[in-house]
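The chain contents come next:
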Amino acid sequence: MTVKKLFVLVACLIGSTSWAGDPAVGEKMVTEKDCAGCHQRLIGGDGSKLYTRSDHKVKNKGQLAAQVSYCSSQLKTGWFPEDEENVVAWLNHRYYNFK
């Protein structure tokens, strides 16, 4: 299965899940793992354009959770699912504002 298909599958499976993560904890986790550093290497600047560009691929909380999970596994963060929920909560609060 390709990574893209896996991403879509995970997004569909968890798309309707309610999130109870803590944005403050998520922000700390993102800072500790230097997520911005990776994003800066990918797109330049401060890395935040990954979230704010007009053609961003994340369209709902399920896709956001799937992307966080993908990044976590690629970077071997060691985050548990509840850790990823905190990161999703922060990203949603800071950039996306999904309902």
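Note: the structure precedes this text.
Procedures and definitions
Residues numbered from 1 in each chain as written. Predicted model: local features only at pLDDT ≥ 70, side-chain atom pairs only at ≥ 80, totals over all residues. Heavy atoms only, no water. Helix = DSSP H or I, 4+ residues; strand = E, 2+ residues; numbered from the N terminus. Buried < 20%, exposed > 50% of the residue type's maximum accessible area, 1.4 Å probe, protein only. Contact = heavy atoms within 4.5 Å. Areas by Shrake-Rupley, 256 points an atom, 1.4 Å probe, with all protein chains shown as cover. Axes fitted to C-alpha atoms, helices over the stretch in contact; angles between N-to-C directions. Parallel < 35°, antiparallel > 145°, perpendicular 65-115°, else oblique. Left-handed = near helix turned anticlockwise from the far one by under 90°.

Help me understand the overall build of the protein in this model?
When you go through the protein residue by residue, the secondary structure sums to six helices and zero strands. In the protein, which comprises 99 residues, the proportion classed as buried is 37%. Put simply, of all contacts in the protein between residues at least 6 apart along the chain, 71% involve residues at least 24 apart. Per element, the accessible surface of the protein, about 6,500 Å² overall, is 55% carbon and sulfur.

What exactly am I supposed to notice about the environment of glycine 26 here?
By secondary structure assignment, the location of glycine 26 is in helix H2 (residues 23-32). Non-local contacts of glycine 26, meaning those with residues more than four positions away in its chain, are made with Asn86, Val87 and Trp90.

I would appreciate a short explanation of the packing of helix H5 (residues 61-75) against helix H6 (residues 81-96) in the present structure.
Each pair of packed helices can be summarised by the angle the axes make with each other and by the distance between the axes. Look at H5 against H6: their axes get within 10 Å of each other, and the N-to-C directions meet at 125 degrees. With respect to H6, the element H5 is oriented oblique. Between H5 and H6 lies a crossing whose hand is right-handed. Residue-level contacts link Lys61, Leu64, Ala65, Val68, Ser69 and Ser72 of H5 to Glu84, Val87, Val88, Leu91, Asn92 and Tyr96 of H6.

Interpretation note: all reported values are geometric properties and have no functional meaning in isolation.
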